[in-house]
Amino acid sequence: MSIETPVDQPESPTNRPESTHRMKEWFSRDYVRKIIAIFIVLTIIIIPIAWLVIHFLELSGGPASSIMEELETTIFVFTLVSAPLMAITAAVLIYSLFGWGSIKSEDPPMQENPAIRTNAVAVIGWTAATSLLAAFLVIWGLVELATITADSYGSTPSSQQPNATKQIDVNVTGQQWVWSFEYPDQQKIQSDVLVVPINTPIYFNVTSKDVVHSFWVVEMGVKIDANPGAVTNTGFTANKLGTFNIRCAELCGLHHAYMETNVQVVTQDQFDSWVREQGGKRTA
Amino acid sequence: MSQTAVIHEQMAVPQPKQHGKPGGFLAHTNIFTGLIGGVVAAGVTYFIGDKLVPWGTQNADFSQVGLNALVFCTFVAWVIGFMAGIGAFAGPIRWALGHDLTHDDAEYMAGKGQGRMKYWKYTTDHKVVGIQYLVMALVLFGFGGFFAMLIRTELGATWREVFDPNFYNSLIGTHGIVMIIAMIIVVAGPLGNFIMPLMIGARDMAFPRLNALSFWLLFAAVPPLVLNLVMGGIRDGWTVYQPLGTQAPIGMIGYQVCIITFAFSTGIAGVNLITTIVTMRARGMTWARTPIFIIGTLAAAIMGLVWFPMFQYAQLLAASDKVIGTSFYIPQSGGSVWLYENLFWLLGHPEVYVIVVPATAGILELMVVFLRKPLFSYKMAVAGFAGVVGISAVVWVHHMYMTGFAPQAGYPFMLSTELISIPFGFLVLVMLGTLWRGKAWNRLPMMAVYAVIFDKIIGGITGVYLSDVPVDQYMHGSMFVVAHFHYMLMGAGLFAAMGVIVYWFPKMTGRMFDERIGKIGFWTAFLAFQVTFLSMFVAGLQGMPRRVLQFDNAFDISNWISTIGAYCIGIGMLIFLYAVITSWRNGKVAPSNPWGAKTLEWQTETPVPLENFPVLPVVTSDPYGYGIPDPYLKVEEELDQDDNETVGAR
Ligand code: HEM
Ligand SMILES: [Cu+2]
Ligand SMILES: [Cu+2]
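Bear in mind that the values here come from a model prediction, so they are computed numbers and not experimental data.

Procedures and definitions
Residues numbered from 1 in each chain as written. Chains lettered and ligands numbered in written order. Predicted model: local features only at pLDDT ≥ 70, side-chain atom pairs only at ≥ 80, totals over all residues. Heavy atoms only, no water. Helix = DSSP H or I, 4+ residues; strand = E, 2+ residues; numbered from the N terminus. Rg over C-alpha atoms; globule rule 2.2 N^0.38 Å. Buried < 20%, exposed > 50% of the residue type's maximum accessible area, 1.4 Å probe, protein only. Contact = heavy atoms within 4.5 Å. Areas by Shrake-Rupley, 256 points an atom, 1.4 Å probe, with all protein chains shown as cover. Lys, Arg positive; Asp, Glu negative; His and termini not counted. Charge placed at Lys NZ, Arg CZ, Asp CG, Glu CD. Core = buried A, V, L, I, M, F, W, Y, C linked by side-chain atoms within 4.5 Å. Near = heavy atom within 4 Å. Polar contact = N/O pair within 3.5 Å; in protein donor to acceptor, adjacent residues only side chain to side chain. Nonpolar A, V, L, I, M, F, W, Y, C, P; charged D, E, K, R; others polar. Pairing = 2+ DSSP bridges. Donors = N, O, S within 2.8 Å, 3.2 Å for Na, K, Ca; no water. Tetrahedral: all angles 85-135°; square planar, octahedral: opposite > 155°, others 65-115°. Domains from an automatic or database assignment. Buried area = accessible area lost by both parts, 1.4 Å probe. Salt bridge = Lys/Arg side-chain N within 4 Å of Asp/Glu carboxyl O. Axes fitted to C-alpha atoms, helices over the stretch in contact; angles between N-to-C directions. pLDDT = per-residue confidence, 0-100.

**Some thoughts on the overall build of chain B**
When its secondary structure is counted, chain B shows 21 helices and three strands. Since a compact globule built from 650 residues should have a radius of gyration of about 26 Å, the 25 Å found for chain B is in line with a globular shape. In terms of principal-axis extent, the alpha carbons of chain B reach across some 70 × 65 × 45 Å. Classification of the 650 residues of chain B by burial places 66% in the buried group. Across chain B, the fraction of contacts at a sequence separation of at least 24, relative to all contacts at a separation of at least 6, is 81%. Here chain B displays about 22600 Å² of accessible surface, and carbon together with sulfur accounts for 69% of that area. Taken as two groups, the 36 positive and 37 negative side-chain charges of chain B have centres that lie 8 Å from each other.

**Structural notes on the overall build of chain A**
Secondary structure summary: chain A contains six helices and 11 strands in total. Residues counted as buried form 50% of the 284 residues belonging to chain A. For chain A, contacts bridging at least 24 residues in sequence account for 66% of all contacts bridging at least 6. Carbon together with sulfur atoms contributes 62% to the accessible area of chain A, which is approximately 13200 Å² in total.

**Brief notes about the nonpolar core**
By size, the foremost hydrophobic cluster in this structure holds 296 residues, and its most contacted members are Tyr183(A), Leu194(A), Phe215(A), Phe236(A), Tyr255(B) and Trp504(B). Tallying contributions element by element places helix α12 (residues 337–371) of chain B first for this core, with 21 residues. If we ignore the near neighbours within four places in the chain, the residues touching Leu194(A) are Val170(A), Phe181(A), Tyr183(A), Phe204(A), Phe215(A), Phe236(A), Ile246(A), Asn262(A), Val263(A) and Gln264(A).

**Some words on the site of ligand 1**
All names here are of chain B. Contacts to ligand 1 come from 25 residues, most closely from His175, Trp238, His486, Arg546 and Arg547. In this structure, Arg546 approaches ligand 1 through a side-chain N or O atom, which is 2.8 Å from an oxygen atom. For the shell around ligand 1, the secondary structure elements donating two or more residues are α5 (126–156), α6 (165–188), α18 (479–509) and α20 (556–586). No other element matches the seven residues that α18 contributes to the shell around ligand 1. Residue composition of the shell around ligand 1, by class: 18 nonpolar, four polar and three charged.

**Some remarks on the pairing of strand β3 (residues 178–183) of chain A**
Residue and element names in this part refer to chain A. In this sheet, β3 lies alongside strand β2 (residues 168–175) in antiparallel orientation, the contact comprising five bridges. Bridging from a neighbouring strand, Val172 pairs with Phe181 of β3. Counting the residues that bridge the hairpin from β2 to β3 gives two residues. Bridge analysis of β3 against strand β4 (residues 189–191) gives three bridges, and the strand direction is antiparallel. Looking at the pairing, Tyr183 lines up with Ile189 of β4. A loop of five residues connects β3 with β4, the two strands running antiparallel in sequence, and Gln187 in this loop sits at a positive phi of about 55°.

**Considerations on the coordination of the copper ion (ligand 2)**
Residues and elements named next belong to chain A. Note on the copper ion (ligand 2): its protein donors are Cys248 (SG), Glu250 (O), Cys252 (SG) and His256 (ND1). The metal-donor distances range over 2.1 to 2.6 Å. For the copper ion (ligand 2), the four donor atoms are set out with angles of 85 to 130° between them, so the coordination reads as tetrahedral. Counting residues between consecutive donors of the copper ion (ligand 2) along the chain gives the motif C-x1-E-x1-C-x3-H. Owing to a relative accessible area of 0%, Cys252 belongs among the buried residues under this scheme.

**Re the domain arrangement of chain A**
Interface size is commonly expressed as the accessible area that is lost once the parts come together. Residue and element names in this part refer to chain A. Under the domain assignment, chain A is made up of domain 1 (19–102 + 113–151) and domain 2 (159–277). Of note, the centres of domain 1 and domain 2, computed from C-alpha atoms alone, are 38 Å apart. For the pair domain 1 and domain 2, the summed buried surface comes to about 890 Å²; carbon and sulfur atoms form 47% of the total. Applying the counting criterion to the domain 1 and domain 2 interface returns zero salt bridges. Remark: the boundary between domain 1 and domain 2 carries seven residue pairs in polar contact (both at pLDDT 80 or more). With five residues, helix α4 (residues 66–99) is the largest single contributor of residues to the side of domain 1 that touches domain 2.

**Notes on the sheet that holds strand β11 (residues 260–266) of chain A**
All names here are of chain A. If you trace the five strands from one edge of the open sheet to the other, you get β5-β11-β10-β7-β8, paired in mixed fashion. Only two strands of the sheet have a single neighbouring strand rather than two, namely β5 (194–197) and β8 (222–226). This sheet shows a mean twist of 20° between the axes of neighbouring strands, independent of strand direction. Note: strand β7 (residues 213–217) against strand β10 (residues 242–248), three bridges, orientation antiparallel. Following the sheet pairing, Val217 is matched in β10 by Ile246.

**Details of the interface of chain A and chain B**
In this complex, chain A contributes 102 residues to the contact, which on the side of chain B involves 98 residues. Ranking the residues of chain A by area buried against chain B places Ile116(A), Arg117(A) and Leu251(A) at the top, with a combined share of 9%. Run the count over chain A and chain B and you get three salt bridges. Between Arg547(B) and Glu250(A) there is a salt bridge, with its nearest N and O atoms 3.7 Å apart. At the level of elements, α2 (30–46), α3 (49–58), α4, β1 (114–115), α5 (120–153), β8 and β10 of chain A are the ones that each hand at least two residues to the side of chain A that touches chain B. Top element by residues in the side of chain A that touches chain B is α5(A). It accounts for 18 residues. Broken down by class, the residue content of the side of chain A that touches chain B amounts to 56 nonpolar, 30 polar and 16 charged.

**Regarding the confidence of the model for chain B**
Residues and elements named next belong to chain B. Mean pLDDT for chain B: 88, with 93% of residues reaching 70 or above. Within the model, the stretch residues 1–7 combines pLDDT values under 50 with 17 contacts to residues more than four positions away or in other chains. Segment residues 632–650: pLDDT under 50, and 37 contacts once partners within four positions in sequence are set aside and those in other chains are kept. This complex was scored by the predictor with a pTM of 0.90 and an ipTM of 0.90.

**Overview of the coordination of the iron atom of ligand 1**
Residue and element names in this part refer to chain B. Within the protein, the iron atom of ligand 1 binds to His175 (NE2) and His486 (NE2); these donor distances fall in the range 2.1 Å. Viewed at the metal, the six donor atoms of the iron atom of ligand 1 are separated by angles of 84 to 178°, and the geometry they form is octahedral. Here His175, found in helix α6, pairs with His486, found in helix α18; they are 311 residues apart in sequence, far enough to count as distant. Each member of the pair, His175 together with His486, is buried.

**What to know about the side chain of Ser416(B)**
Residues and elements named next belong to chain B. Along the chain, Ser416 turns up in helix α14 (residues 410–419). Taking relative accessible area as the criterion, Ser416 reaches 10% and is therefore assigned buried. With near-sequence residues (within four places) excluded, Ser416 lies in contact with Ile391, Val394 and Val395.

**Some remarks on the pattern of salt bridges**
Scanning all chains against the criterion turns up 10 salt bridges over all chains. Here Arg94(B) ties to Asp105(B) by a salt bridge, and the two come within 2.7 Å at their closest N and O atoms. With a gap of 11 residues between them, Arg94(B) in helix α3 (residues 90–97) and Asp105(B) in helix α4 (residues 103–109) connect regions that are remote in the sequence. The same class applies to Arg94(B) and to Asp105(B), which are both buried. Through salt bridges with shared partners, one network takes in Arg247(A), Glu260(A) and Asp552(B).

**A word on the sheet that holds strand β9 (residues 232–237) of chain A**
All names here are of chain A. Taking strand neighbours across the sheet as the criterion, the five strands line up as β4-β3-β2-β6-β9 in an open arrangement whose pairing is mixed. Taken across any chain shown, the strands that pair with only one partner, and hence form the sheet edges, are β4 and β9. This sheet shows a mean twist of 25° between the axes of neighbouring strands, independent of strand direction. In the packing of α5 onto the sheet, the strands contacted are β6 (201–208) and β9, and the crossing angle to β9 comes to about 90°.

This is the structure we're talking about:
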């Protein structure tokens, strides 16, 4: 078979030029430049999605706790980091269709494409880049997890000992298809909405009377399953006044869709008077 | 009838004695005798169980258990009766009677001289089994797709309940599990059976009778599942978490029997695929010359074989809780809901790759042909598949971050899950590298490649969010997850499956696929898919839980958009289906190698003769020798030496 030298590769293999020269030559190729240009444009287009995502996350009034704030940062950073990945893939797809002309090629290409079987630079570079990216995501995630665990439990993850002073315990019980809350230290008040004071760590003991439910305090960024026969824990410190959503995030039968309630974040004074009122009702 | 048969044209082997006509008992069985057998066995079991066994006399609770047991036995009887009726037990019985199969019997069982009837019988020919799987997958997609439309109708009608909540929950569960089964079989079934043996230059699968067994077990598994809708439904999603599943009506038993049976089917199919690939590749087809689709099929078969038993046991124990009152999963009596969840996800996660890996491998295979360019870094593709198979064994807990069963588990499983993105990235590089500097032939299968890579990137990136425990604390159980896995399963799985089926359509059916109509359907579905599921991401971000039929008004707009999109997907798929059916019935007759591909399956004639190849092919190189060798690149010796001749007489 006769080997035609491709147009953009003037040298023959015997007098292979130096690597720096080859790199320069590579970057000077028309298609490389165009792909890089498309890549940059796409990255610029994709990056604003990070703000859009945060916008959607905050539509219902959050974030209302430091956990949710940290979580939004993570989502934001992950979106930024994946933007170039998305862009480079899309750039190659677009150039393949319109630049190399796949879109208008009616006939099978005969022997006209280069037989690139592998390329050490691409393989090693890509592996290194994706590994670094994965390492970054993993480390970010591990640190983040330790932080939000501390925020949730008011403790270090290893000791599991609550260390906050003014902590309030709440026992959460899921039952087909209502949530109920009990305040063991506040005269065992029972309530079907969650009322919590602002800036106070709240610690939840979550369980279920029947099937698996999942206790999701949406704007606080907190979720934990309510299992029959076991107690699971989570917690948060609200930092925004207002009313937020609690939903069930695990299919639990007929009226799962309606298994929702609210969390009211109030000031310490309001909370105290609420406790007095509720507690009063109990003793009266 | 001759008492000897010529094998490999050289050696005469003494044959066992022929008893009666070729095929023996199997000459009288087909799907209809199977149905009769199944229905009769089920009916008799139900009758005897109902009338003669004193269920419900012991205590008040026992009556429910009694009904469950009765229904369980009835479904099991259906499966056994069906298999008996179609002749699945003929083999062992003949063996016990000492009536070994003769060559003529074997040929009869492979479908020789039976015309179209062979598709309705316990036929061992891998090409017949492949077609049977294809039709089965299409039927299941029909069911699942119809249910999807109903689900979206409910979600789009934000102002009212269209369905009873129990029925809605059953719809979700049935849609989910039907689609999962359909996706598991849609590539590995038709192509793993029809194309794979041809591609490796074999005359059939390693175990032709097990091949028929695996298909008909799948067939028998489906009616109990679909019948659940008239028996109270699977109201628990496709995951059927316990103990909710224990509360469920008897329809749940249908799900359990279906899974238990289907797991046998996949196990048998897995053994068959693995053995065939490992032992029956053509002379000269070393591992490095094995087409990548074969490697992908092997990877999927290994994962299915290893992990399906977990799912099977998860359901076996669940059935036992329901039927004989054990308490594996009932916390009040010492069981654990987390046991179920772990067993379930031990399969549940690898299964995603069982779906995506063969579809991806098929895509790689066809890219090469339409680009007339070698696969970029074959070794990296193999490493990618191997990495996915390996790591997928140790990531299942990422589905259980929020169960609270081990808060510390978040750390190691977040690590393992994010590591999967590295081998996954290998496959992306292989795809991009193969596209690099290539002008591709603009045909539907090739265009599917672009669609699939796009979806895969979106699915992959959103998957990274979900693998992060803190983020999953928000996303878990929300519509975001639903949108993410549809990008993987449908965007990267189903669209790839459509591409590869169109690619191998001429070989399988002997007809050319009508791309003019098919294209309209494909692109309608693809664009509508983006609309549907991108806006579902938005609902998830806003905090909409999954598996709900009524919700906060805040989610209305994105749900309306999703529903309109979903209807358009439905329309697109119907157009595509129309193209499949019309091309199959009266498309242009296909030449034996319409794409000019180099893999072996295209080198034999179409329609493929019973024995596949007149003489077994010998392979001298990998099938990727296309294009102008690049003077810069060091090409490995062995790949260099040949003149692209892959088929030769021995
Ligand atoms: C026409 C295209 C499809 C549409 C419009 C669609 C739509 C939906 C919807 C709305 C849900 C319910 C989400 C929820 O509330 O939890 C769902 C669930 C699901 N879908 Fe699809 N789907 C489609 C195709 C597929 C395909 C091809 C698969 C392939 C595997 C699939 C697999 C699933 C699974 C596993 C579930 C989860 C069921 C569960 O929650 O238990 N779907 N789908
Ligand atoms: Cu629920
Ligand atoms: Cu998973």
